[in-house]
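One-letter residues, chain by chain:
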Amino acid sequence: MNSTRATDYGLLAQQAASLAEGTPGWLPAFANVAALLGEALPSINWVGFYVATNGPAGKQDLVLGPFWGRPACVSIPYGAGVCGRAVETNKPQLVPDVHAFPGHIACDAASRSELVVPIHATAADGGTAIWGVLDCDSPIPARFSAADLEGFSRIVHALEKSADLLGPAVVPVRP
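Residues numbered from 1 in each chain as written. Predicted model: local features only at pLDDT ≥ 70, side-chain atom pairs only at ≥ 80, totals over all residues. Heavy atoms only, no water.

Structural notes on the state of the cysteines
In the structure shown here, the tally under the stated rule is one disulfide. Paired through a disulfide, Cys 73 and Cys 107 show a sulfur-sulfur distance of 1.9 Å. Given an S-S torsion of about -125°, the disulfide between Cys 73 and Cys 107 has left-handed geometry. You can see Cys 73 sitting in the loop between strand 2 (60-69) and strand 3 (75-77) and its partner Cys 107 sitting in the loop between strand 4 (93-95) and strand 5 (113-122), a full 34 residues away along the chain. Note on Cys 83: no disulfide assigned, nearest cysteine sulfur contributed by Cys 107 at a separation of 7.8 Å. Looking at the unpaired Cys 136, the closest cysteine sulfur is the one in Cys 83, lying at 11 Å. Judged by relative accessible area, which is 0%, Cys 136 ranks as buried. (Disulfide = S-S within 2.5 Å. Helix = DSSP H or I, 4+ residues; strand = E, 2+ residues; numbered from the N terminus. Buried < 20%, exposed > 50% of the residue type's maximum accessible area, 1.4 Å probe, protein only.)

Re the pattern of salt bridges
Counted according to the given criterion, the structure contains two salt bridges. A salt bridge links Asp 108 to Arg 70; the nearest nitrogen and oxygen atoms lie 3.8 Å apart. Here Asp 108, found in the loop between strand 4 and strand 5, pairs with Arg 70, found in the loop between strand 2 and strand 3; they are 38 residues apart in sequence, far enough to count as distant. In this structure, Arg 143 engages Asp 148 in a salt bridge whose closest nitrogen and oxygen atoms are separated by 3.2 Å. (Salt bridge = Lys/Arg side-chain N within 4 Å of Asp/Glu carboxyl O.)

Some details on empty space enclosed by the protein
Taken as a whole and judged by the stated rule, the model has one cavity of 30 Å³ or more. In this structure, the largest cavity spans a volume of roughly 160 Å³. Around the largest cavity sit 17 residues that line it, and Ile 105, Cys 107, Glu 114, Asp 135 and Asp 137 are the ones nearest its centre. Where the lining of the largest cavity is concerned, the elements lending two or more residues are strand 1 (46-54), helix 3 (81-89) and strand 6 (128-138). In terms of residue count, the dominant contributor to the lining of the largest cavity is helix 3 (three residues). Looking at the lining of the largest cavity residue by residue, the class counts come to nine nonpolar, three polar and five charged. (1 Å grid on protein atoms, 1.4 Å probe; cavity = no way out; pocket = protein on both sides within 12 Å on 5 of 7 lines; lining within 4 Å. Points joined across faces, edges and corners; volume = space filled by probe spheres on them. Nonpolar A, V, L, I, M, F, W, Y, C, P; charged D, E, K, R; others polar.)

Focus on the packing of aromatic side chains
Centre-to-centre distance and the angle between the planes together describe a pair of aromatic rings. Scanning the model with the defined rule gives seven aromatic pairs in all. Arranged with centres 5.0 Å apart and planes meeting at 85°, the rings of Trp 26 and Trp 131 form a pair that is edge-to-face. Within this pair, whereas Trp 26 is found in helix 2 (residues 26-40), its partner Trp 131 is found in strand 6, the two being separated by 105 residues in sequence. The class of Trp 26 is buried, set by a relative accessible area of 12%. Among the aromatic side chains, those forming a connected cluster through ring pairs are Trp 26, Phe 30, Phe 49 and Trp 131. (Phe/Tyr/Trp six-rings, centres within 6.5 Å; stacked < 30°, edge-to-face > 60°.)

In structure tokens, the structure reads:
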């Protein structure tokens with residue numbers, strides 16, 4: 001994609017929803033969405049998902065899910081780094097300079113800016129909880145804008161409606 005053209009987040013949200021609808025488990029759907037975003041977004045070096053889980057000693061952690069880019073941190077405690085802050089505050093994080101962000105976790109030293117949007121799952125009773133986050137890094141300072149934040153929020157909303165977030169990652173074959 002040419003970096004001088006605006007990103008068509010409406011189209012990306014539609015494509016993400018299409019990749020998630022009817023997919024047996026969220027894992028393959030989110031792997032394809034990470035690949036889609038990695039190929040479509042200019043000037044990024046990492047995009048992917050972290051999934052909320054209970055870590056050691058019952059502490060809540062974010063665990064690495066499907067992604068596009070270099071190897072990443074496997075586990076992030078709630079409250080730590082940009083992803084952990086997004087979960088702790090339940091608010092998107094738009095960070096123009098990760099080196100100025102208190103407690104930033106440097107999975108890739110080339111990253112300079114970051115955008116993280118929480119993903120919510122809705123239970124049968126209508127209650128919601130944080131399922132994980134969509135995370136995107138760029139080697140360019142201040143790469144992400146308010147328009148990118150709005151676009152990522154559209155993609156997350158499409159996934160919240162289309163993906164089976166409460167089901168298993170995949171449905172294994174049992175003998």
